[in-house]
Structure formats: structure tokens, C-alpha cells
Amino acid sequence: MDIGIIGAGAIANVMMERINHDRHENLKVKSVFVRNEEKYQHLEEEFGITLYTDLEAFLSSDIDIVVEAANGEVVKSHMPEVLKHKDAMLISVGALADGALVAELMQIAKHHDHTLHLPSGAIGGLDLIQNAQSHGELKRVRLTTRKPAAALSYEDLQSERVVFDGRAKEAITLYPQNMNVAIILGMAGMGIEETEVMLIADPNVDRNIHHIEVKGAFGRAEFKVENQPLPDNPKTSYLAAISILGTLERMNRHFRIG
Ligand SMILES: NC(=O)C1=CN([C@@H]2O[C@H](COP(=O)(O)OP(=O)(O)OC[C@H]3O[C@@H](n4cnc5c(N)ncnc54)[C@H](OP(=O)(O)O)[C@@H]3O)[C@@H](O)[C@H]2O)C=CC1
Ligand SMILES: O=C([O-])CC(=O)C(=O)O
């Protein structure tokens, strides 16, 4: 499968390393869409990709799927056009807190017979949560995220501080680069207005930690993910990048787990 990526930051670089450098059996990154060609010129030689700054030319290149790894604004401005031409995957899922955008993307995908894939990003357990909600029987979903204080721009904090306590829908408006996980959790489960979120800035941790607690007719579950941050962007966990890789790999299979 030939891949086009939008964005060339921390996540895109992990993808290019794992797929092109490591010579993945079934996947190849061919095209990368950026807004600043000069800044990213070196990637052409490093990973054997072609850079594009024109969306139409990017979408006409020899790719089967487009992966967004940029930001929520790019999802809003580019994804409707992308889905008219290609299957797509997006990691800045926080943009989908906008219900009108979700409706538009779903309508385009259906009309053009394309699929929009939403990887689980820096968390897990979304199979269980979707199963538990399949008959509308979830009672409570709560996410507690603890990040290094500096990743949340609290460089001088001496002890941990709760910087947000509320619902997923509001969390993403205040922390668009840190609370994408709250939105995918909400979409998988009880909705972004019902999903409870606490965000803690902690000067004593060096990982991005997501603790998910779920209650429903099935019983209860807890997941705790202690993520290694990416050196290029410590707000972002390595797992978020490889959740894209894993989702791409599973698309090629003729069986499904979960
Ligand atoms: N779902 C999840 O669990 C998670 C989601 N994320 C999200 O994933 C996204 C990517 O993260 P990460 O790689 O760490 O981010 P980075 O900031 O490292 O990289 C973002 C890249 O997007 C590029 N970009 C920005 N605007 C545009 C544009 N208009 N057109 C083309 N390229 C553009 C930037 O280019 P430039 O240099 O020109 O600015 C940069 O190359 C973020 O939105 C982040 O919040 C992150 C972690 C977890
Ligand atoms: O990478 C993480 O741990 C989570 C994150 O930034 C996000 O959800 O936006």
C-alpha cells in the first residue's frame, strides 16, 4: 500500500523511519504534503519520498491512502477534499469534536465510497469500550491524563497540578495538542459530552500517562498506559505514531482481531 502523509513532524518522521528506512514488507510512504518545502527538502533524499505543497498534485500522486499527521486545522481545511479522492486516516482526532465536520466527512466518505480510519492513538482499550457501548450500556467513562509539566507549558511547577477537570468536549478546546485521546475515547464510548476528563501537569513524571476507567452493564475495566514521549515533540507519545502503523498493517489482512 502506497501512503501519502500530510505533515512532516514527530509522528510523520516515525512513520517514515519505520516504513521506508526499515523497508516494510507491504507499506511505502511515497508522498508528503507540507506547507514549507524548503524546511523539509532533506526528507526527499533521506526517505525517498516526494514533497508536495499543492494538495491537488499530492492527491494525484501514486498513493492509495492519505494519513493526516499535522493538526486539527488541517483536518478541517483539507480532509473534506482528501476524502473525495482517497481513503484516509487522521490522528488529530480532536478536530472531530466539531459535529458538523464529522457529518460532512461521513457524507463525503459515503458518497465517494471511501473510508476514514481513526487509530486509537496514545491509548488503548477502544475495542472493549465500543463493545460495552454496542447496546448503549456504558455508565461511566473517565480519563485521567498525567503529563510532564513542561509538555503542558508549566515549566516552573514544583508539585503536580490539576489543570483541567471536566468533559472531553471542553478539554480539547483548551488543550488541542494534548487531549486528542479524550475525543477518540468519547467517540468510542459515551460521547464527548459525557466522557469525564482530568488533566494533571506533573513535574515528577517523564511519561505521558493515560488512566482510563470504565463502568457498564458488562462490569468494570481499567487501562493505564505509560507512554514514552517522542523526543521531537514530547507532547506526543510514540504509541500514537505506531497506532497509525498498526492500523495500516491490519488493513492489509484478511482477518480481523477485536
Ligand atoms: N490521537 C492521538 O492520540 C494523538 C494525536 N496527536 C496529534 O497528532 C498531530 C501530529 O503530531 P506531531 O507529529 O507530534 O506534531 P508536530 O508538531 O511534530 O508536526 C506537525 C507537522 O504538521 C505540519 N503542518 C502544520 N500545518 C500544516 C499545513 N497547513 N499543511 C501541511 N503541513 C502542516 C507541520 O509543519 P510546519 O513545520 O510547517 O509547522 C509539522 O510538520 C497533532 O495534531 C497532535 O496533536 C498527537 C499525539 C496523540
Ligand atoms: O500523545 C499523547 O500521549 C496524547 C496526546 O498528546 C493527545 O491525545 O493529544
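Residues numbered from 1 in each chain as written. Chains lettered and ligands numbered in written order. Predicted model: local features only at pLDDT ≥ 70, side-chain atom pairs only at ≥ 80, totals over all residues.

The name an unreviewed UniProt entry gives the protein is L-aspartate dehydrogenase, with Salinicoccus roseus as the organism. The annotation that UniProt attaches to the protein under Function (unreviewed entry) is "Specifically catalyzes the NAD or NADP-dependent dehydrogenation of L-aspartate to iminoaspartate." As recorded by UniProt, the Sequence similarities (unreviewed entry) comment attached to the protein reads in full: "Belongs to the L-aspartate dehydrogenase family." (UniProt positions renumbered as here; feature names shortened; annotations may be inferred.)

Visitor: Explanation requested: the nonpolar core in the structure shown.
Guide: Most often, soluble globular proteins have nonpolar side chains that are buried together. Residues Ile 5, Ile 11, Met 15, Met 179, Ala 182, Ile 183 and Leu 185 are the most contacted members of the largest nonpolar core, which totals 76 residues. When residues are assigned to domains, this core turns out to be shared by domain 1 (2-118 + 239-251) and domain 2 (126-227), each giving three or more. (Core = buried A, V, L, I, M, F, W, Y, C linked by C-beta atoms within 7 Å. Buried ≥ 20, exposed ≤ 12 C-beta atoms within 10 Å, placed from the backbone. Domains from an automatic or database assignment.)

Visitor: Sorry if this is basic, but what is going on with the site of ligand 1 here?
Guide: Surveying the vicinity of ligand 1 reveals 31 residues, the closest of which are Gly 7, Gly 9, Ile 11, Gly 121 and Thr 236. Secondary structure elements with two or more residues in the shell around ligand 1: helix H1 (10-21), helix H5 (72-85), helix H9 (180-188) and strand S13 (233-237). Within the shell around ligand 1, the residues separate by chemical class into 16 nonpolar, twelve polar and three charged. For the shell around ligand 1, the two domains that each supply at least three residues are domain 1 (2-118 + 239-251) and domain 2 (126-227). (Near = placed C-beta within 6 Å. Helix = DSSP H or I, 4+ residues; strand = E, 2+ residues; numbered from the N terminus. Nonpolar A, V, L, I, M, F, W, Y, C, P; charged D, E, K, R; others polar.)

Visitor: Can you help me understand the site of ligand 2 in this one?
Guide: The immediate surroundings of ligand 2 are formed by 13 residues, with Ala 122, Asn 180, Val 181, Asn 208 and Ser 237 found nearest. Mapped onto the shell around ligand 2, the elements with two or more residues apiece are H9 and S13. Top contributing element to the shell around ligand 2 by residue count: S13, with three residues.

Visitor: I keep staring at unusual backbone geometry and nothing clicks. Help me out?
Guide: The general pattern is negative phi for most residues beyond glycine and trans for most peptide bonds. Despite not being glycine, Arg 23 shows a phi value in the positive range, around 50°. You can see Arg 23 is positioned in the loop between H1 and strand S2 (28-33).

Visitor: Is there a simple way to explain helix H6 (residues 99-111) in this structure?
Guide: One turn of the α-helix equals 3.6 residues, which is why residues spaced by three or four share an orientation. End to end, H6 covers 18 Å across 13 residues, agreeing with the expected 18 Å (1.5 Å per residue, within 8%). Of all 13 residues that make up H6, one are buried, and the element is exposed over most of its length. Asp 113 lies just past H6 and shows a positive phi near 55°. (Expected span 1.5 Å × (residues − 1).)

Visitor: Would you take a moment to explain the domain arrangement of the protein for this structure?
Guide: Many analyses report the size of an interface as the accessible area lost when the parts associate. Partitioning the protein into structural domains gives domain 1 (2-118 + 239-251) and domain 2 (126-227). Every contact between the two is made by eight residues of domain 1 and, on the other side, eleven residues of domain 2. Here the residues of the side of domain 1 that touches domain 2 sort into five nonpolar, three polar and no charged. (Contact = placed C-beta atoms within 7 Å.)

Visitor: I tried to follow the UniProt feature "domain: Aspartate/homoserine dehydrogenase NAD-binding" (unreviewed entry) in the protein on my own but got confused; where do I start?
Guide: Following the UniProt record, one finds the feature "domain: Aspartate/homoserine dehydrogenase NAD-binding" (unreviewed entry) at residues 7-119. Secondary structure across residues 7-119 divides into 49% helix and 17% strand, with the first and last C-alpha atoms of the span separated by 17 Å.

Visitor: Could you clarify how one ought to interpret the UniProt feature "domain: Aspartate dehydrogenase" (unreviewed entry) in the protein in this entry?
Guide: Look at the UniProt record and you will see "domain: Aspartate dehydrogenase" (unreviewed entry) annotated at residues 158-244. Taken end to end, residues 158-244 has its terminal C-alpha atoms 35 Å apart, with 26% of it in helix and 45% in strand.

Visitor: Help me out: how do you make sense of H9 in this one?
Guide: Counted residue by residue, H9 has nine buried out of nine residues, so it is predominantly covered. Along H9, the positions that sit buried rather than exposed are Asn 180, Val 181, Ala 182, Ile 183, Ile 184, Leu 185, Gly 186, Met 187 and Ala 188. For H9, the secondary structure elements touched by its buried residues are helix H7 (126-132), strand S7 (138-148), helix H8 (168-174), strand S9 (196-202) and strand S10 (208-216).

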